[in-house]
Amino acid sequence: MKFRTFRYLLSEGFKNVWSHRLMSIASSGVLMACMLMIGIVFSLSANIDNYVSEIQQNAVVMVFFKDDMSRDDALAASEAIKNLDNINDVKFVSKEDGLSSQEDSMGAEYKEIFAILQDDNPLPDGAQVTIDDLEKYNQTVEEIRGVSGVDIIRQRGDYVDKLVSIRSAISIIGTGVILLLLIISLAIVSNTIKITMFTRKLEINIMKAVGATNRFIRTPFVIEGMLLGIIAGVVSTGCLYFIYKLAEQTLMSSFTGLGAFVPFTSFAFKLLGGFIVMGALVGSLGSAISIGKYLRHEGSEFNAIF
């Protein structure tokens, strides 16, 4: 295709967007609504993943060794736990350090009691174990329990299970919602372009009568759909930014102790690029499908006449 021809078809695509601006606004609006829903699901997933990652970094299992174990045996048991799979870090906590930590947390009013306990420390040696992959949390806890010398384990398995289940559910639901919205967007763009084609039925038939190829006729419609998708992607990202900021301010002021949100800028360009690519693909593909069906139908009727 010559550059002059491509430039003409490109200008026709832009003209189509402006000439049928009401339909263009309707088509872009529907695409924007779909993209906003996808963006909300993506933002929610990003924040939950970030929260899970923070929990994972602090997923500490407190292990206490048997009272009758010597210090050397307790250290050996700590080393054995460290060599297990899915263990991020193991910090040995002596009974002296454990008692000191308890004293610090209880306050000055219990200082005399802890002074007495210094001579007869009731606490065992222990270890703080940080688990790497939360999805294998319970399995790893059971492996730790099997290490010789381990007596008591303090862990939050139920909480971790719920957290992992929520993350998996949102991931599955989010993927399903995105696929469904993509199909809906494709159908709406196709129907919008189809309506545009019927308003230009005479023009298309004249072009075919003078020998225009299907590709020549199809290209402006494909460019039109692509432009609508790109516009929808850019505007959707801007709208999502304000929605995200509003939600962040509202939730942070309503719920004390809520963790910090993932900064929108950390995934804004990724989202913008995804929306532009998605909009361009959905718009051009929807247009190509619609104009292809129309040209095959009209082409058969045109050949029958001549």
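Our structure is the block above this text.
Not measured: the values here are computed from a predicted model.

Caption draft 1: Looking closely at the overall build of the chain. Scanning the chain from terminus to terminus reveals ten helices and four strands. N-terminal to C-terminal, the α/β element order of the chain is α-α-β-α-β-α-α-β-α-β-α-α-α-α. Partitioning the contacts of the chain with sequence separation of at least 6, the portion at a separation of at least 24 is 82%. For the chain, the exposed surface amounts to about 17900 Å²; the carbon and sulfur share of it is 61%.

Caption draft 2: Representation of the nonpolar core in the model. Counting residues in hydrophobic clusters, the biggest one holds 24 residues, and the most contacted among them are Val61, Val63, Phe65, Ile81 and Val129. Listed by contribution, the elements that provide at least two residues to this core are helix H2 (21–57), strand E1 (60–65), helix H3 (71–82), strand E2 (87–93), strand E3 (126–131), helix H6 (137–145), strand E4 (150–154) and helix H7 (157–199). Leaving out residues up to four positions away in the same chain, Phe65 has contacts with Ala74, Ala77, Ser78, Ile81, Phe92, Pro124, Asp125, Gly126, Ala127, Gly149, Val150 and Asp151. In this structure, Ile38, Leu181, Ala232 and Leu271 belong to the second largest nonpolar core, which totals 19 residues.

Caption draft 3: Focus on the side chain of Ser236. Mapped onto the fold, Ser236 is located in helix H9 (residues 214–254). When near neighbours in sequence (up to four residues on either side) are disregarded, Ser236 contacts Met32, Met35, Leu36 and Phe275.

Caption draft 4: Spotlight on the pattern of salt bridges. This model, assessed by the stated rule, comprises three salt bridges. Asp125 is the partner of Arg71 in a salt bridge, and the nearest nitrogen-oxygen pair spans 3.0 Å. One end of the pair, Arg71, is in helix H3; the other, Asp125, is in the loop between helix H5 (111–117) and E3, and 54 residues separate them in sequence. Owing to a relative accessible area of 33%, Arg71 belongs among the partly exposed residues under this scheme. Across the pair Glu142 and Arg145 runs a salt bridge whose closest N-O atoms are separated by 3.6 Å. Separated by three residues within a single helix, Glu142 and Arg145 lie in helix H6, roughly one turn from each other. Take Glu142: its relative accessible area is 49%, and that puts it in the partly exposed class.

Caption draft 5: Inspection of the environment of Gly146 at higher detail. As for its placement among the helices and strands, Gly146 is situated in the loop between H6 and E4. Placed 65 residues apart in sequence, Gly146 and Ile81 show a C-alpha to C-alpha distance of 9.5 Å.

Caption draft 6: Spatial organisation of H6. Those residues of H6 that sit buried are Tyr137, Thr140, Val141 and Ile144. Buried residues along H6 cover an arc of 105° about the axis, so they all sit on one side.

Caption draft 7: Looking closely at the environment of Lys91. One can find Lys91 in strand E2. Expressed as a C-alpha distance, the spacing of Lys91 and Glu79, which sit twelve residues apart in the sequence, is 9.6 Å. Every residue in contact with Lys91, bar those within four places of it in the chain, is listed here: Gly126, Ala127 and Gln128.

Caption draft 8: Just the packing of aromatic side chains, in detail. Taken as a whole and assessed by the stated rule, the structure comprises seven aromatic pairs. Judged by centre distance (5.4 Å) and plane angle (70°), the ring pair of Tyr241 and Phe264 falls under edge-to-face. In this pair, Tyr241 is assigned in helix H9 and Phe264 in the loop between H9 and helix H10 (265–305), connecting sequence segments 23 residues apart.

Caption draft 9: Spotlight on the sheet that holds E3. What the four strands build is an open sheet, ordered E2-E3-E1-E4; its pairing is antiparallel. Taken across any chain shown, the strands that pair with only one partner, and hence form the sheet edges, are E2 and E4. On average, each strand axis in the sheet is inclined to that of its neighbour by 25°, with strand direction left out of account. Direction of pairing for E2 relative to E3: antiparallel, over a ladder of six bridges. Each residue of the ladder has a partner; that of Lys91, found in E3, is Gln128. Sheet strands touched by H3: E1, E2, E3 and E4. Its angle to E2, the strand with the most contacts, is close to 170°.

The rules behind each value
- Residues numbered from 1 in each chain as written.
- Predicted model: local features only at pLDDT ≥ 70, side-chain atom pairs only at ≥ 80, totals over all residues.
- Heavy atoms only, no water.
- Helix = DSSP H or I, 4+ residues; strand = E, 2+ residues; numbered from the N terminus.
- Contact = heavy atoms within 4.5 Å.
- Areas by Shrake-Rupley, 256 points an atom, 1.4 Å probe, with all protein chains shown as cover.
- Core = buried A, V, L, I, M, F, W, Y, C linked by side-chain atoms within 4.5 Å.
- Buried < 20%, exposed > 50% of the residue type's maximum accessible area, 1.4 Å probe, protein only.
- Salt bridge = Lys/Arg side-chain N within 4 Å of Asp/Glu carboxyl O.
- Arc of directions from axis to C-beta.
- Phe/Tyr/Trp six-rings, centres within 6.5 Å; stacked < 30°, edge-to-face > 60°.
- Pairing = 2+ DSSP bridges.
- Axes fitted to C-alpha atoms, helices over the stretch in contact; angles between N-to-C directions.

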